[in-house]
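A closer look at the structure
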Amino acid sequence: MDQSIAIHECLEREENCIIVSFCEVLFDNITESRLLGLVESTNEHAIFIYTHRRMAITADDVSLTQIIPISLDFAVVEVSSPEELAVVGRDTRVRVSYREEELQLRLPFGSQSRLFLSEVNRAWSDVCKSPTEVPKFEWIGKYHPGTRGQGVVKQALAPLTKLSQQRKTEKSSDKTGSLEREKGSNGDTQKTKASSIPESQGISSREDRDDLVRSSRHTLSNKAHILAMPQFGLRDNLIRCELLKNEHQYIYLEDYSIFLGTYNVNGQTPKESLSPWLSCTPSPPDMYCVGFQELDLSKEAFFFNDTPKELEWTKAVSDALHPDAKYALVKLVRLVGIMLIFYIKKEHAKFISDVEAETVGTGIMGRMGNKGAVAIRFRFHNSDICVVNSHLAAHIEEYERRNQDYKDICSRLRFRQFDPSRPPLTIMKHDLILWIGDLNYRISDLDVDIVKDLISKKDFETLHTYDQLKRQIDEEAVFVGFVEGEIDFQPTYKYDTGSDKWDTSEKCRVPAWCDRILWRGKNIEQQHYQSHMALKTSDHKPVSSMLVTGIKRVNSEAYKKTFEEIVRNIDKMENECIPSVTLAKQEFQFKNVKYMQHQAETLSLVNDGQVPCQFEFIQKPNEPTYCKPWLTANPPKGFIAQGGSVDIELEVFVNRTTAPDLNSGKEQIEDILVLHLERGKDYFISVSGNYLPSCYGTSIYSLCQMREPIQEMPQKTLRDLAELSSDDNAANTEKPLDIPKELWMMVDHLFRNAIKQEDIFQQPGLRSEFAHIRDCLDTGMPDSLPGSNHSVAEALLLFLDALPEPVVPYNFYQQCLESCSNASQCEKVISMLPQHHQNVFKYIAAFLRELLKHSASNRLDVNILVPIFSSLLLKSPSKQDLAEKRKTQEFFQHFLTQATT
């Protein structure tokens, strides 16, 4: 989730939030959570500090408390103690000072904090380069205290400490405790040691659960230079590459055990000990990776950063870990109700490094986090490990949607690396991948009674042949290269809560193995794979697996020899030859590019020179980026060893930003990429193609002038229509349509087929079905829309979102805000809209009122529909603040709650 969006909504149009980071403000023995934003305006920078009570999705979720200008009076230094520097997973403490005042901040461990500090350092360096140009910071004077989404320069919630006082304080030792779990063979209860809370309180918040993980040899260096952010050059890349190539000379394998557990808790609180699940092995595992789904089912969980159930289940896990070992919490990550917790034995903690966590939501329009995944990646000794916990789409017939969720997670979930010049790591770029969760694949083609009969006979082998996940894996549709152990336990879903009885509700769900554990990698042996029937809190049963995996360890002496030999060879090789590459081809043609349909071509580079080379796509003169906005090169930069090769994906994707000009013909699928070799020459790569115009990204006015599908219209006509507006008197002999025919087709389809559809406009559709719907709208074939009701509903939302001018044109936006409290005034504003826009607004409002008449069946209410549609119909011409957002919702709600003319 990009929290900078929330800050952007609070700022003026000419102001830009470059990067954000969460932190804690430290004073006395108290810490308070804050959101930091580095804001730029007129080449001046300042740090905006916000309180936040939610996930910081909108301006409603933040409140500005302080602004710190970055001038010559500004300074930021790291003040982490040596003890803190030696702990991986520990947060970074910095002191930010401005004139005679200062703050101590604690930033969470991870690449986002490093990048934030790097950007702050860069902004401060720019100020130092021009000491005679004193920044005025006139733009920050307009902010006022006490206003949500706004603030004041000196209004800090935490008291600032005078520099003189701080210098005295620094003479004394600064020791901060860390949360650790102390459990011996006698099963003692958890003990905590934290400076900010009394010992009796235990775990007080996510921030207080500091990770007791000692650093590897890399982390001390990383932490000590956190503000410098060193860039790695050609020589460093070459050494890294050669070390990897010769890994067999200094690596040996050692076995470690990893306990994996997954549990869909159905929004319940812990009602029983988790020990039968988490302490089921005779000997304690070296690591625990424990995943939960549906941690909190309330609507508030979609927005609030902290749910009390997170703390409750975390404590339940901590209390139930194996009693014969002591464990350290390495990382916890949560997205709405999907949570993953990673523990390791204390004696192994010092060998953990490069810990990162990421999340991906796969809900409707890709924005909702009720389904999706959380993941943690880390390095243990010399092995890179990634653990994914996912909750995929529900319902027995939605296996294709589950496949799509899996592919979305694999493509969208990326971990930033410490070296910003290196591309992000994907899930598959790890030695070992562990995938757990409620994957929601069901048992198909069998009657519920037959399924239960096979279960009673313990004929799991026969039953497994009807399992959707097995079938999809066999067809290589998902989880290619993954392994799942033999299933010899009964399905884990669905039970009556509090019992071992199968679902007795009206729906009488067919039992299924929804909860699964898979892995991908080498040198792995599964010791057990089982469910735990003793736990009855949820309608699911938890599942566990114990894997023993060979972890790569380094022989120090052999490593030193290999490293020295590589350096000697590089010294001989350097400066002898100019790098060069061979390109398989330099012209790429993308045919029939469509709206929101990804196309890719592979550019293959072969290093045919005598030395390794480093490449990068560079900007052309007077252009802001190396390529057009509809084009990307992945990776955009990289390293090729001598004789090696690399494949670069040239990807074309047209979205709502780039579609309007392509639809009208103002822009074409044409670009020239410049591929630069360090110390070598430049190569020019031609990209061309043709775009098929779409109703997506075309204006309401233009669509109403078209009686034929858009792809049957001449390009000149599309260009002429795009240059006209609803105020122009176009020489059109035919009467225009009242509303776009494409909009009518979607709404009419939903009116006839989905008026009682459960969770309509809340459950996402299939991307493949959206493609068919888009093609039908753009070509007029077939006559009726294909796909599920959910896919058509999402297609309608995407259509409204892609309009270049929203249904309520930008020049009427302010009038809407001013009249929002008066229903008759709201109607008056709508009556003044251009006729086509007015027709569309009334048509959509009437359709939504019909939906609300059937709320008992479709589970919709005004509170669900108003936020969704008001954000699409009434868009701000600039950044929208909280007050405006509330007014747009109040405005639109009038049209759903009472009859209108």
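Residues numbered from 1 in each chain as written. Predicted model: local features only at pLDDT ≥ 70, side-chain atom pairs only at ≥ 80, totals over all residues. Heavy atoms only, no water.

1. Quick word on unusual backbone geometry
Where we set the bar: Secondary structure elements follow DSSP: runs of H or I of four or more residues count as helices, runs of E of two or more count as strands, with numbering from the N terminus. Three exposure classes are used, based on accessible area relative to the maximum for each residue type with a 1.4 Å probe and protein chains only: buried under 20%, partly exposed in between, and exposed over 50%.
Cis geometry is adopted by the peptide bond preceding Lys 494, which originates at Tyr 493 and carries an omega value of 5°. The residue Lys 494 is located in the loop between α12 (468-474) and β20 (515-520) in this model. For the peptide bond that leads from Asn 634 to Pro 635, omega is 5°, which places it in the cis range. Take Pro 635: it is sitting in the loop between β27 (631-634) and β28 (637-640). We note that Asp 759 has phi near 65°; this positive angle belongs to a residue other than glycine. Here Asp 759 lies in the loop between α17 (741-753) and α18 (767-779). In this structure Asp 759 comes out as buried when scored by relative accessible area, which is 14%. The residue Arg 859 is not glycine, and still its phi comes out positive at about 60°. Here Arg 859 is to be found in the loop between α23 (855-858) and α24 (862-873).

2. Considerations on the sheet that holds strand β24 (residues 587-593)
Just so we agree on the cut-off: In this description, strands pair whenever DSSP reports at least two bridges between them. Helix axes use the C-alpha atoms of the stretch in contact, all axes being lines fitted to C-alpha atoms, and the angles between their N-to-C directions lie in the range 0 to 180 degrees.
Across the sheet, five strands lie side by side as β24-β31-β30-β26-β28; this open sheet has mixed pairing. Looking along the sheet, the strands with just one partner apiece sit at the ends: β24 and β28. Averaged over all neighbouring strand pairs, the angle between strand axes comes to 20°, with direction disregarded. Sheet topology note: the strand β26 (residues 613-618)/β28 ladder contains four bridges and is antiparallel. Counterpart to Phe 615 in the pairing with β28 is Gly 638.

3. Observations regarding the sheet that holds strand β16 (residues 383-391)
Filter applied, for reference: By definition in these notes, contact holds between two residues if any of their heavy atoms fall within 4.5 Å.
Read across the open sheet, the five strands follow the order β14-β15-β16-β19-β20; overall the sheet is mixed. The two strands at the open ends of the sheet, each matched to only one other strand, are β14 (352-361) and β20. Mean inter-strand twist for the sheet, computed between neighbouring axes without regard to direction, equals 10°. Pairing geometry for β14 and strand β15 (residues 372-380), over eight bridges, is antiparallel. Bridging from a neighbouring strand, Val 360 pairs with Ala 373 of β15. Most of the contacts of helix α9 (residues 399-412) go to strand β19 (residues 432-438), to which it runs at about 140°, and overall it touches β14, β15, β16 and β19.

These values are about where atoms sit, not about what they do.
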